[in-house]
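Descriptive analysis of the structure
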Amino acid sequence: MNIFLKGHEYRYAAEQALMSFFPDQRPEYPDGAEPEGNCVILSLDGARAAAELRLDGRTARGEAEADGPVPENGTERDRLLQKLVKLAFFRAAVELRGSAPPWGALTGVRPVKLAAKYMRQTGLGPAETAEYMSEEYCVSPGRAELCARAAEYSLKADAELEEKDVLLYVGIPFCPSRCSYCSFVSSSVERSLALIGDYVEALLREISAAGRLAAKYGMNVAAVYFGGGTPTTLSPESLDRLMGELADAFDLSRCREYTVEAGRPDTVTEEKLETLRRRGAGRISINPQTMNDRVLAAIGRRHTAGDVLTAFALAREHFLGDINMDLIAGLPGDGPDSFRRSLDTVLGLGPENVTVHTLTMKRSSRLSAEGGGIPEGEAAAEMLGYAYSVLPSAGFSPYYLYRQKFSVGGFENTGWCLRGHESLYNIGMMEELRSVIALGAGGATKLVHPGSGKIDRVFNKKYPYEYIASSGCVPELEKLLG
Ligand code: SF4
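Every value quoted in this text rests on a predicted model; they were computed, and no experiment measured them. (Residues numbered from 1 in each chain as written. Predicted model: local features only at pLDDT ≥ 70, side-chain atom pairs only at ≥ 80, totals over all residues. Heavy atoms only, no water.)

Of regular secondary structure, the protein possesses 17 helices and 15 strands. Taken along the three principal axes of its C-alpha coordinates, the protein extends 65 × 55 × 45 Å. Across the 482 residues that make up the protein, the buried fraction comes to 55%. Taking as baseline every contact in the protein between residues at least 6 positions apart, the subset at least 24 positions apart corresponds to 73%. (Helix = DSSP H or I, 4+ residues; strand = E, 2+ residues; numbered from the N terminus. Buried < 20%, exposed > 50% of the residue type's maximum accessible area, 1.4 Å probe, protein only. Contact = heavy atoms within 4.5 Å.)

As structure tokens, this is what we get:
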């Protein structure tokens, strides 16, 4: 869609708003042309923003005005003016479409950050914060409440974390097969599995170097998270070596949480579970995504719902820590009834955490290329509606959430926990409460500077073959710290 900006250059705000309402449209900025055809004109005049949206012969307008004075300059000024531009766009789009997206005019990945900031500044509770989110950003009451409740967990985690605490992520980008919606692991799973040996050696080196760096700068590891990919794709021996090296390299005496994702049930064995437990892991993830065998086959998971039940029983017997289970609303071929059955089955197992994702159409996924059978936004809304009513009744609270681009219906991913079983890593990482040191291929290290909120980033090479030949994040990190 053509975008015309008048009186400002807030392209990012315009594009985020465009993506919320029209995710299949790409932004274009025609140089010097007069607006015609499908387009949006976004104007800013002092403290007043206006949007004119023209689509398929129809035109709608929206406006937004600041309540108080606009700061002369700086980040706060930009933030306020961008908010006005997005609100004006939002109002025009709602008028044209006759319905509002669940997150209103909020476009960011981390809405909980905003709610937590408001709570911190005002000292108000979740009910007032939810009201603020609805009034200021037109967030639906249900989403505003979800967000405010998760913000309480964010404030609690922030208060419990110490200044020198960091979160440690170790990436294992291997899986037994590639899910059709996945954009994380390389498309040739078989070829990449041949690199596991060299990958483990490279990761051992990076763990060791990062441990020395942490000791030098007095960092304290508050939580460890092995993610991926599926870390339990590795052999028990490789897991043992990596976790052993991590325990030698870092002082884990004040580590409060240790998670290893065992997402694919077809990778879970008694020996691996006992290795994880012996090496100090206290939380794992066994992720069905759905308990419908037909849907599992359609998304390329190569395991059955029965395998999930077996893996869960094995974990209860040999692991003893917390178990998280992921489900996805909106999978191809799935529907509200089938989703309901999946969630009921999962809850019947009694996990400590349940994470409900919404399918996202990642551009590099097979599903994006092939399409087909994706439920409409309304069906995904029905699935989430069921989850959000049944989970609280089963004693779960929403403790962290985030949004992703191109999610079905513009919905979110939400982690739910039984009381006292929230994941510190998930909260701290998503809310950017402390630095995350991310080791392994695709690792995105974030150095959070408390106070200013400034974040420096260091990115590891994405693919295993590139990572193996690289020196990891530590040299770059050392420059930033030094
Ligand atoms: S298990 Fe996760 S990381 Fe592995 S292929 Fe499936 S979606 Fe991708």
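Take the site of the ligand next. Taken together, 11 residues surround the ligand, and among them Cys175, Cys179, Cys182, Gly229 and Arg301 come closest. Across the shell around the ligand, the residue classes break down as five nonpolar, three polar and three charged. (Near = heavy atom within 4 Å. Nonpolar A, V, L, I, M, F, W, Y, C, P; charged D, E, K, R; others polar.)

Where charged atoms of side chains with opposite charge meet at close range, the side chains can pair. This structure, assessed with the given rule, holds 26 salt bridges. Its salt-bridge partner being Asp240, residue Arg279 comes within 2.9 Å of it at the nearest N-O pair. With Arg279 in the loop between helix H9 (270-278) and strand S8 (283-285) and Asp240 in helix H8 (residues 236-249), the pair connects residues that are 39 residues apart, well separated along the chain. Judged by relative accessible area, which is 30%, Arg279 ranks as partly exposed. We note a salt bridge from Arg457 to Glu432, for which the minimum N-O separation is 3.8 Å. (Salt bridge = Lys/Arg side-chain N within 4 Å of Asp/Glu carboxyl O.)

Let us now look at the nonpolar core. Core analysis: the biggest nonpolar cluster contains 104 residues, and Leu203, Phe226, Leu242, Leu246, Phe250, Leu343 and Leu391 have the highest contact counts within it. No other element matches helix H7 (residues 196-216), which puts 11 residues into this core. There are two domains that each give this core at least three residues, and those are domain 2 (111-148) and domain 3 (161-476). Excluding residues within four positions of it along the chain, Leu391 makes contact with Leu343, Leu347, Val354, Val356, Phe396 and Trp416. One finds Met1, Leu53, Leu87 and Ala105 within the second-largest nonpolar core, a separate group that totals 31 residues. (Core = buried A, V, L, I, M, F, W, Y, C linked by side-chain atoms within 4.5 Å. Domains from an automatic or database assignment.)

So, on to the pairing of strand S1 (residues 2-6). By the bridge criterion, five bridges tie S1 to strand S2 (residues 39-45) in an arrangement that is parallel. Bridge assignment links Lys6 to a residue of S2, and that residue is Ser43. Taken together, S1, helix H1 (residues 11-21) and S2 form a β-α-β motif whose crossover is left-handed. (Pairing = 2+ DSSP bridges. Right-handed = clockwise from strand over helix to strand, strands pointing away.)

Right, let's talk about a negative patch on the surface for a bit. Judged by side-chain charge, Glu237, Glu270, Glu271, Glu274 and Glu317 come together as a negatively charged surface patch. Considering each element in turn, the negative patch owes the most residues, three residues, to H9. Tracing the backbone through its elements, the reader meets Glu270 in helix H9. Among the residues examined, Glu270 registers a relative accessible area of 40% and is labelled partly exposed. (Patch = residues over 30% accessible without salt bridge, like charges linked within 9 Å, V, L, I, M, F, W, Y side chains within 5 Å. Areas by Shrake-Rupley, 256 points an atom, 1.4 Å probe, with all protein chains shown as cover. Lys, Arg positive; Asp, Glu negative; His and termini not counted. Charge placed at Lys NZ, Arg CZ, Asp CG, Glu CD.)

Now for the domain arrangement of the protein. Size of an interface, as often reported, equals the accessible area lost when the parts are brought together. Taken domain by domain, the protein comprises domain 1 (2-97), domain 2 (111-148) and domain 3 (161-476). Distance between the C-alpha centres of domain 2 and domain 3: 27 Å. With both chains or domains summed, domain 2 and domain 3 bury close to 770 Å², and 64% of this area falls on carbon and sulfur atoms. Applying the counting rule to domain 2 against domain 3 returns two salt bridges. Run the count over domain 2 and domain 3 and you get three residue pairs in polar contact (both at pLDDT 80 or more). Those elements that provide at least two residues to the side of domain 2 that touches domain 3 are helix H3 (111-122) and helix H5 (141-160). Residues belonging to the side of domain 2 that touches domain 3 are distributed by class as follows: four nonpolar, no polar and two charged. (Buried area = accessible area lost by both parts, 1.4 Å probe. Polar contact = N/O pair within 3.5 Å; in protein donor to acceptor, adjacent residues only side chain to side chain.)

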